[in-house]
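Close look at the chain arrangement
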Amino acid sequence: LRIDSAELRLVRLPLLTPFVISTGTMTEKVFPLLTLRGEGLEGYGEGVMDVLPDYLEETQAGALDFLRQAVLPGLIGRRFANPAEIAAELAPWRGHRMAKAMVEMAFWDLWAKALNQPLSALLGGVRDAVEVGVSLGIADIPTTLERVETAVASGYRRVKLKIKRGHDLKLLEAVRGRFPDIKLTVDANTDYRLPDLPLLVQMDRFGLDYIEQPLAFDDIHDHAKVQARLTTAICLDESIRSATDARKALVAEAARVINIKVGRVGGFAEARAIHDLCAAFDVPVWCGGMLESGIGRAQNIHLASLPNFSKPGDTSSASRYFTKDIIEQKLESDNGLMAVPRHGPGLGVTLDRSFLDQVTGAREDFR
Ligand code: OSB
Ligand code: MG
């Protein structure tokens, strides 16, 4: 499969509701979108790095510079037989997993289209639809209760509440008090430290399915200390960038659940390796999200069709985030189930090109 050309866009989509987490507030989703072309087909990869390094270290400026200087010009005119050959090309470079994921994911899409297969089939997916929940940003307690009510009424399979220091136990009292039976989780996005252990222990009484990423983004060791003292499972997100990280976390018993974001870990092959490793440890995984547009959402849904994605993911209806998406299909959940998109092979979605042009800030071509 020969790569004939590549195109890199920076896209901006306004968010319907500002999304607040412990590290900051997002009012629009800004993301790089890579297109790889070959055999008359196109493959797409959406990047999950933020403008500034507030989730992990990668930034859009750094990622775009890396792709344009080190990666994309060298791919044009070359042949790659399968995704592993592309991954081998990217492997020597340090870090930049989110940027590498864009290239790897776009190639998987292109390759799947060349083979006329749905991406999920090539990844080893076993489901036509995946279970999803919602991730609710930080808001005052009455607003949060309303949002939980709406999510539960829509049939979402789990509610995840963003928390931070000073916005945790009271929130949980209120939500658990009103909704005693829902599957409930929290995500701290790294806001706590080991001395907060007594507070984290108090969360055990709320019957949470897991506590996501309480401690530092680059920590595994201290999470093991906390996990040993909690009955509630710890779920790692930011701390797991690779199958090697996952192995260390599993061996250390730092987590009993892992959130896999394909865009965070460098692509589908690494995501699948983490998935398989967790299955071997009897640790369930679920598919996280980064407020992606339709391309990133399609990437997530295909991945989440693999067997060990046994907890509901974060890929809720696109209409919760945007008035209009860059794809022609509507990715909407039905009673907490999101169908794997099958409007053609690969990612199974098609771009709304005129709208994409409207929301594209900058575009670069490599040929
Ligand atoms: O930690 O999972 C996270 C969004 C931005 C950055 C980090 C996270 C999130 C979410 C949103 O939780 C998930 C989604 O709705 O896509
Ligand atoms: Mg998270």
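Quick notes on the rules
Residues numbered from 1 in each chain as written. Chains lettered and ligands numbered in written order. Predicted model: local features only at pLDDT ≥ 70, side-chain atom pairs only at ≥ 80, totals over all residues. UniProt positions renumbered as here; feature names shortened; annotations may be inferred. Domains from an automatic or database assignment. Contact = placed C-beta atoms within 7 Å. Helix = DSSP H or I, 4+ residues; strand = E, 2+ residues; numbered from the N terminus. Nonpolar A, V, L, I, M, F, W, Y, C, P; charged D, E, K, R; others polar. Near = placed C-beta within 6 Å. Core = buried A, V, L, I, M, F, W, Y, C linked by C-beta atoms within 7 Å. Buried ≥ 20, exposed ≤ 12 C-beta atoms within 10 Å, placed from the backbone. Axes fitted to C-alpha atoms, helices over the stretch in contact; angles between N-to-C directions. Parallel < 35°, antiparallel > 145°, perpendicular 65-115°, else oblique. Left-handed = near helix turned anticlockwise from the far one by under 90°. Bend = angle between axes of the 7 residues up to and from the residue. Pairing = 2+ DSSP bridges.

Per an unreviewed UniProt entry, the protein goes by o-succinylbenzoate synthase and derives from Paracoccus litorisediminis. Per UniProt, the protein carries the Cofactor (unreviewed entry) text "a divalent metal cation".

**Side note on the domain arrangement of the protein**
According to the domain assignment, the protein contains domain 1 (5-117 + 349-366) and domain 2 (121-339). Computed from C-alpha atoms alone, the centre-to-centre distance between domain 1 and domain 2 is 23 Å. Every contact between the two is made by 38 residues of domain 1 and, on the other side, 39 residues of domain 2. Only strand 1 (5-21), strand 2 (24-38), strand 3 (41-46), helix 2 (83-90), helix 3 (97-114) and helix 13 (353-359) provide two or more residues apiece to the side of domain 1 that touches domain 2. Looking at the side of domain 1 that touches domain 2, the element that brings in the most residues is helix 3, giving eight residues. The residue makeup of the side of domain 1 that touches domain 2, split by class, is 27 nonpolar, five polar and six charged.

**Description of the site of ligand 1**
Surrounding ligand 1, one finds Ile21, Tyr55, Ser135, Asp187, Asn189, Asp237, Gly288, Gly289, Met290, Leu291 and Asp314. Looking at side-chain class alone, the shell around ligand 1 contains four nonpolar, four polar and three charged residues.

**Some points on the nonpolar core**
With 107 residues, the main nonpolar core has Leu34, Ala106, Phe107, Ile258 and Ile274 as its most contacted residues. The leading source of residues in this core is helix 3, at 12 residues. Viewed by domain, this core spans two of them, domain 1 (5-117 + 349-366) and domain 2 (121-339), each represented by three or more residues.

**Quick look at the packing of helix 2 against helix 3**
Here helix 2 crosses helix 3 at 160°, and the two axes come no closer than 9 Å. With respect to helix 3, the element helix 2 is oriented roughly antiparallel. Handedness of the crossing formed by helix 2 with helix 3: right-handed. Packed against helix 2, whose contacting residues are Pro83, Ile86, Ala87 and Leu90, the element helix 3 presents Lys100, Val103, Glu104, Phe107, Trp108 and Trp111 at the interface. Residue composition of the contact of helix 2 with helix 3, grouped by class: eight nonpolar, no polar and two charged.

**Concerning the UniProt feature "domain: Mandelate racemase/muconate lactonizing enzyme C-terminal" (unreviewed entry) in the protein**
The positions that UniProt labels "domain: Mandelate racemase/muconate lactonizing enzyme C-terminal" (unreviewed entry) are, in the present scheme, residues 141-233. A distance of 24 Å separates the end C-alpha atoms of residues 141-233, which is 41% helix and 11% strand.

**Some remarks on helix 1 (residues 60-75)**
The sharpest bend along helix 1 measures roughly 45° and falls at arginine 68. Among the residues of helix 1, those classed as buried are Ala63, Leu64, Leu67, Val71, Leu72 and Leu75. Check the buried side of helix 1 and you find it contacts strand 1, strand 2, helix 2, helix 3 and strand 13 (360-366). Glycine 77 occupies a position one or two residues after helix 1 and carries a positive phi of about 85°.

**Here's the deal with the sheet that holds strand 3**
Sheet strands associate in pairs through backbone hydrogen bonding, adopting either a parallel or an antiparallel arrangement. Across the sheet, which stays open at both edges, the four strands sit in the order 3-2-1-13 with antiparallel pairing between neighbours. On the outer flanks of this sheet lie strand 3 and strand 13, each paired with one strand and no other. Each strand of the sheet is rotated relative to its neighbour by a mean of 25°, with strand direction disregarded. Where strand 2 meets strand 3, six bridges bridge the pair, whose relative direction is antiparallel. Counted as the bridge partner of arginine 37 is glutamate 42 from strand 3. Here helix 3 sits on the sheet in contact with strand 2 and strand 3, set at roughly 150° to strand 3.

**Considerations on the environment of valine 11**
Positionally, valine 11 belongs in strand 1. A residue is classified by how many C-beta atoms lie within 10 Å of it, and valine 11, with 22 of them, is buried. For the pair valine 11 and valine 30, spaced 19 residues apart in sequence, the C-alpha separation works out to 5.6 Å. The contact partners of valine 11, leaving out residues within four places of it in the chain, are Phe31, Leu33, Ser293, Ile326, Leu356, Val359 and Thr360.

**What about the environment of histidine 221?**
Its location among the elements puts histidine 221 in helix 8 (residues 221-229). By C-beta crowding, histidine 221 is classed as partly exposed, having 14 other C-beta atoms within 10 Å. Separated by 74 residues in sequence, histidine 221 and isoleucine 295 place their C-alpha atoms 35 Å apart.

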